[in-house]
There are 2 protein chains.
Amino acid sequence: MDGQSGYAQRVTKNRERPPVALEIDAIFHPHSIAVVGASANPDTPGYDYVRSLQEFGYKGRIYPVNPKGGEILGLPAFASLRDISGGADYVISCIPNAYILDLVRDCAAAGVKALQLFTGRFSETGRADDAALEDGLRETAADAGVRLIGPNCMGLLYPELGISFRTDMSRKPGPIGFLSQSGNLLFELTHFGESRGLRFSKAISYGNALDLNECAFLEYFADDAETRVVGAYIEGVRDGRAFIQALGRAASKKPTVVLKGGRTDAGGRTAVSHTAALAGSAAVWDAAVRQSGAIRVETVEELIDTLIASAYMKRPVESNPADRSSRPRLAMVGAGGGRSVLTADLCEELGLLVPPLPNDVEAKVAEKAPDLAGWVTNPVDQSILAGSGLGGGQVLEWLDESPDIDMLVGNIGEPWAFGRPNGEAIVRRVTERFIEVAAKTKKPFAVVLGPSDYGHEDRWRFISEARERLVEAGVAVFPSVERAVRTLARLAG
Amino acid sequence: MDGQSGYAQRVTKNRERPPVALEIDAIFHPHSIAVVGASANPDTPGYDYVRSLQEFGYKGRIYPVNPKGGEILGLPAFASLRDISGGADYVISCIPNAYILDLVRDCAAAGVKALQLFTGRFSETGRADDAALEDGLRETAADAGVRLIGPNCMGLLYPELGISFRTDMSRKPGPIGFLSQSGNLLFELTHFGESRGLRFSKAISYGNALDLNECAFLEYFADDAETRVVGAYIEGVRDGRAFIQALGRAASKKPTVVLKGGRTDAGGRTAVSHTAALAGSAAVWDAAVRQSGAIRVETVEELIDTLIASAYMKRPVESNPADRSSRPRLAMVGAGGGRSVLTADLCEELGLLVPPLPNDVEAKVAEKAPDLAGWVTNPVDQSILAGSGLGGGQVLEWLDESPDIDMLVGNIGEPWAFGRPNGEAIVRRVTERFIEVAAKTKKPFAVVLGPSDYGHEDRWRFISEARERLVEAGVAVFPSVERAVRTLARLAG
């Protein structure tokens, strides 16, 4: 469908830094940005784009464009892109689709190299005239030498340089480079993941992928020095071979997490109305992702957890699935009896081993707390330790030192702690102890805290502060034991 | 192992209200409670029990018992149970296991009918002398005519009557009767579920189940007028036939949700050290639960979600798994494009159908918003509706009225709303609209809001208030679309 994009042909020429990656890098570093369809009405995207650039501290020039002229958010508005002397490096379009071909011609006349279209209602509506307009858009842009992001997308987020599409995205730069066919998904990732450290180096919402597409963005993030982890939400790809190549290259350089939308009939139908994506065969997709070495997830919760783990946790040692004894051996401390039992069950059901306490740890327990020897097991039931003088943090350290344990879970256990008179002190002490272990361990270590959405404001604040402390210390935090364990199992493959 | 408990023999005699259920009802309504091992030290269970009864407003007499006498929490302490004139209806033991046989004899002498043992370190330690002590406890109690709850457990929670074992349990009575071999699990359920309306009519933490056991408590909740939904966390049962009978009876009367600990080798090993439970065969267990008509869950998150759904949502119509077209048809409103695609995928993968908009709804959309006809589908992509004059709440009502949709999900969508200048007004409006639909629908309807554990205090407060409003209105609220959809699929069978 878009062999014309020219990307797939060029990508193979320079394996080190593909030309398209250099183009995208230039797009991410504009000296000036024009917002066409800028508005003084706060409930419009034309307002959001200008306001976001201002609030995020974008240092380049911001040019609002609106046929009515006047002033928008304190800036003089231009009636047309052609009126801006020297043009603009990057243009954001919020105007109705009927005016889009004129805008592309204006871009060409003004020397603009890249145009991002919030503007939608192209092939995703399923109507012939809208699809024809999209064809015209692609051809006009290609003739004019204007690269497109979108249409039907939010565009670029680059906190470091003050570029955003909405004011409520996170202003703190982070390790994750993300490409997404859904803009709303980026809101959700920020909203639900930011407090756990899910922050972006750069992110791209690219909608219908008419020109620059998933392959180009994967190539870009593969080499981007500000990106340590690559994440993607993809509904459809147009050139399967180029995609597998680009995904494989990214995954060979950085942990790369892929969420596919449109895996089923109903999902594929919905994707057509969303980004006009042709979802393709789920089986082919699965095989491609597996070959590439990327990590496949299926829900937004899994995506958030896996990005957090990839960014902040040591990676598991590769296991050999053919050899049962090579399955990763998990140990957990900090949970009560029932939770310990259930965690052992869930781990085994997910293919992780939960062995009894290794001999070296057992010997240390017997020395320090003879009363508990032969009773306490793994997962380490916190209520058995209570009053013994032996703390969960100490046992965790021993488990970390043991050669017979491969991965660790530390449960803060605030539901129990809050029932104690010194509950906050307990949570604080356990938090600091876990941070110490996280700093020195070479094993994947997941800490469980929260969720904190219960109805006590003081507890919410206290838990939020403890989580912030963990995140600042670079610890991977999960809101439940279930999600921690599922993530460990996923990464262990 | 405990044929001696005599329960299994008696239960079949009276199918209407088994004698053991009457005994338990009496235990839940004591006129006086003695706490043996009561303490003035706030960091002890002997303090917690007394303080909880005071704070929860227990109206009967509270007798602290401590050999040192004196005063505990403003109450005169008795040196021995035998010193209390008229005895006590119910006794809670926090003393070390070495004194337990004497205490049982004291109970008998004081005419006590029921003894609950926080006291642990019996067969769960795996040591022969502790197991022998447990045998002695059972025999002595049986001889003395004293019923036992535990040992190794937290005991009774009955907010309506002011009975609790810790001050941080919920004081609001609710519809859920819960029996648990883990006390800590009850803390977790309250901590993580209370803000969603997970509140107990009565709950029982019963540990090692030496005398009164899961069968007795199931029989009790089956008929308890204050209990609309029964939940259970069980690690092991000693009389499989009696259990199947009791579970089946409960499930035939009320939604009954069962979480089994010890489904795997590692889980079973951990259960032995927790409650000395013999976990039994997972396959036999599964078959038993399935036959009984109870709902089986595997994690605490699933347990919380399923209890909430059972308490506050209409039940799905039974489907016929042999007939594909009879799979429940789900519709969702309120999510962005990517989330809508992913929800359709997850539903289909879980066995729920996500059909396109039914014809009757399509016709109404075409009339109200001709521009969207043939474009908007199910799940209803909120961003397509934006600016059309057609709201998600209206489409939800049409979907509720359609005979071709069986279950509904309403996503509040606060990550999107908070980026709008009138975000709070949007969330409020959508919340009220969903409450209207929930009030009149005959279909299962899951509302998604949260989680609210991000780092903005104002948002946390706002979301918490919106959730409270939904819960007060009796709506089933889920913290993610994933969990809502998984719960709907689970209940649909």
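Residues numbered from 1 in each chain as written. Chains lettered and ligands numbered in written order. Predicted model: local features only at pLDDT ≥ 70, side-chain atom pairs only at ≥ 80, totals over all residues.

## Here's the deal with the overall build of chain A
The number of helices and strands found in chain A is 19 helices and 18 strands. Whereas a compact globule of 493 residues would reach a radius of gyration of roughly 23 Å, chain A reaches 26 Å, a difference of no more than 12%. Expressed as lengths along the three principal axes of its C-alpha atoms, the size of chain A is roughly 85 × 50 × 40 Å. The buried share of chain A, reckoned over its 493 residues, is 61%. Partitioning the contacts of chain A with sequence separation of at least 6, the portion at a separation of at least 24 is 73%. (Helix = DSSP H or I, 4+ residues; strand = E, 2+ residues; numbered from the N terminus. Rg over C-alpha atoms; globule rule 2.2 N^0.38 Å. Buried ≥ 20, exposed ≤ 12 C-beta atoms within 10 Å, placed from the backbone. Contact = placed C-beta atoms within 7 Å.)

## What to know about the interface of chain B and chain A
In this complex, chain B contributes 76 residues to the contact, which on the side of chain A involves 76 residues. Elements supplying a minimum of two residues to the side of chain B that touches chain A: α6 (183–193), α9 (265–275), α11 (300–312), α12 (337–349), α16 (414–417) and α18 (457–472) of chain B. Across the side of chain B that touches chain A, the residue classes break down as 26 nonpolar, 31 polar and 19 charged. (Nonpolar A, V, L, I, M, F, W, Y, C, P; charged D, E, K, R; others polar.)

## Section: the relation of the copies chain B and chain A
Least-squares fitting of chain B to chain A yields an RMSD of 0.0 Å, with the transformation described by 0.0 Å of translation along the axis and a rotation of 180 degrees. On this basis, the relationship between the two copies can be described by a two-fold rotation axis. For chain B, the smallest separation between a C-alpha atom and the rotation axis is recorded for D453 of chain B, amounting to 2.6 Å. When the interface residues of chain B are mapped onto chain A, 100% of them again fall at the interface, so both copies present the same face. (Least-squares fit on C-alpha atoms with pLDDT ≥ 70 in both.)

## Considering the domain arrangement of chain A
All names here are of chain A. You can read the domains of chain A as domain 1 (3–310) and domain 2 (317–492). One C-alpha centre belongs to domain 1, the other to domain 2, and the line joining them spans 39 Å. With nine residues of domain 1 in contact, the opposing surface of domain 2 contributes ten residues. Residues that form the side of domain 1 that touches domain 2 fall into these classes: three nonpolar, three polar and three charged. (Domains from an automatic or database assignment.)

## Describing the sheet that holds strand β7 (residues 147–149) of chain B
Residue and element names in this part refer to chain B. Spatially, the five strands line up as an open sheet ordered β2-β1-β5-β6-β7, and their pairing is parallel. The outermost strands of the open sheet, each flanked by one partner alone, are β2 (61–65) and β7. Strand-to-strand twist in this sheet, taken as the mean axis angle between neighbours without regard to direction, amounts to 20 degrees. Where strand β1 (residues 32–36) meets β2, five bridges bridge the pair, whose relative direction is parallel. (Pairing = 2+ DSSP bridges. Axes fitted to C-alpha atoms, helices over the stretch in contact; angles between N-to-C directions.)

## Concerning the sheet that holds strand β2 (residues 61–65) of chain A
Residues and elements named next belong to chain A. Taken together, the five strands give an open sheet; going across it, the order is β2-β1-β5-β6-β7, and neighbouring strands pair in parallel fashion. Looking at strand neighbours, the two that pair on one side only are β2 and β7 (147–149), the edges of this open sheet. Geometrically, the sheet is characterised by an average inter-axis angle of 20 degrees between neighbouring strands, direction not taken into account. Sheet topology note: the strand β1 (residues 32–36)/strand β5 (residues 90–93) ladder contains four bridges and is parallel. Among the inter-strand pairings, A34 is bridged to a residue of β5, identified as V91. Each of β1, β5 and β6 (114–117) is contacted by helix α4 (residues 100–109), which is oriented at about 170 degrees to β5, the strand it contacts most.

## Describing helix α12 (residues 337–349) of chain A
Residue and element names in this part refer to chain A. Relative to the 18 Å expected for 13 residues at 1.5 Å per residue, α12 spans 19 Å between its end C-alpha atoms, a close match to the ideal helical length. By the criterion of burial, α12 is predominantly enclosed, with eleven of the 13 residues buried. Every buried residue belonging to α12 is among G337, G338, R339, S340, V341, L342, T343, A344, D345, L346 and C347, and all of these are buried. Phi turns positive one or two residues past the end of α12, at G351, with a value near 90 degrees. (Expected span 1.5 Å × (residues − 1).)

## Regarding the environment of Y158 of chain A
The topology assignment puts Y158 of chain A in the loop between β8 (155–157) and β9 (176–180). For the pair Y158 of chain A and Y58 of chain A, spaced 100 residues apart in sequence, the C-alpha separation works out to 9.6 Å.

## Focus: the packing of helix α2 (residues 19–27) of chain A against helix α7 (residues 214–223) of chain A
Packed helix pairs are specified by the crossing angle of their axes together with the interaxial distance, meaning the distance between the axes. Residue and element names in this part refer to chain A. One can describe the packing of α2 onto α7 by two numbers: an axis separation of 8 Å at closest approach and a directional angle of 80 degrees. Accordingly, the angle class assigned to the pair α2 and α7 is roughly perpendicular. Judged by residue contacts, V20, A21, I24 and D25 of α2 engage A216, F217, E219, Y220 and D223 from α7. Across the contact of α2 with α7, the residue classes tally to six nonpolar, no polar and three charged. (Parallel < 35°, antiparallel > 145°, perpendicular 65-115°, else oblique.)

## Considering α6 of chain B
Counted residue by residue, α6 of chain B has eleven buried out of eleven residues, so it is predominantly covered. All of the buried residues along α6 of chain B are G183, N184, L185, L186, F187, E188, L189, T190, H191, F192 and G193 of chain B.

## Points about the nonpolar core
Residues L218 and V447 of chain A together with L218 of chain B are the most contacted members of the largest nonpolar core, which totals 342 residues. Not counting chain neighbours up to four residues away, the residues in contact with V447 of chain A comprise G410, I412, F434, L470, V475, A476 and V477 of chain A. (Core = buried A, V, L, I, M, F, W, Y, C linked by C-beta atoms within 7 Å.)

## What to know about the packing of helix α15 (residues 392–401) of chain A against helix α17 (residues 423–440) of chain A
Residue and element names in this part refer to chain A. Running from N to C, α15 and α17 cross one another at 10 degrees; their axes reach a closest spacing of 10 Å. With respect to each other, α15 and α17 are oriented roughly parallel. Across from G393, L396, E397 and D400 in α15, the residues of α17 making contact are V430, R433 and V437. The residue makeup of the contact of α15 with α17, split by class, is three nonpolar, one polar and three charged.

## A short note on the pairing of strand β6 (residues 114–117) of chain B
Residues and elements named next belong to chain B. Of the two faces of β6, the one lined by A114 and Q116 and the one lined by L115 and L117 are each fully buried. Between the parallel elements strand β5 (residues 90–93) and β6, the chain passes through helix α4 (residues 100–109) in a crossover that is right-handed. Bridge count for β6 against β7 is three bridges, and the pairing is parallel. Bridge pairing in β7 places L115 opposite L148. (Right-handed = clockwise from strand over helix to strand, strands pointing away.)

## Topic: the pairing of strand β14 (residues 330–335) of chain A
Residues and elements named next belong to chain A. Within β14, six of the six residues are buried, which leaves the element mostly enclosed by the surrounding structure. With four bridges joining them, β14 and strand β16 (residues 407–411) adopt parallel strand pairing. Bridge pairing links V333 to G410 in β16. Direction of pairing for β14 relative to strand β15 (residues 380–381): parallel, over a ladder of two bridges. Across the sheet, the residue bridging to V333 is V380, located in β15.

## Description of the confidence of the model for chain A
All names here are of chain A. Confidence in the prediction for chain A averages 93 pLDDT; 95% of positions are at 70 or higher. Low pLDDT, under 50, characterises residues 1–15; the predicted model gives this stretch 24 contacts beyond four residues in sequence or across chains. Here the predicted complex carries an ipTM of 0.94, next to a pTM of 0.95. (pLDDT = per-residue confidence, 0-100.)

## A short note on the environment of Y99 of chain A
Looking at where Y99 of chain A falls in the secondary structure, it is placed in the loop between β5 and α4. Taking the C-alpha atoms as reference points, Y99 of chain A and T119 of chain A, 20 residues apart in sequence, are found 9.8 Å from one another.

## Here we look at unusual backbone geometry
Peptide bonds are mostly trans, and most non-glycine residues show a negative phi. Residue P451 of chain A is bonded to the preceding G450 of chain A through a cis peptide linkage, with omega at 5 degrees. Positionally, P451 of chain A belongs in the loop between β17 (445–448) and α18 (457–472). With an omega dihedral of -5 degrees, the bond running from N378 of chain B to P379 of chain B counts as a cis peptide bond. Within the fold, P379 of chain B resides in the loop between α13 (359–368) and β15 (380–381). Of note in the backbone geometry, L73 of chain A takes a positive phi value of approximately 50 degrees without being a glycine. Look at L73 of chain A and you get partly exposed, because 17 C-beta atoms sit within 10 Å.

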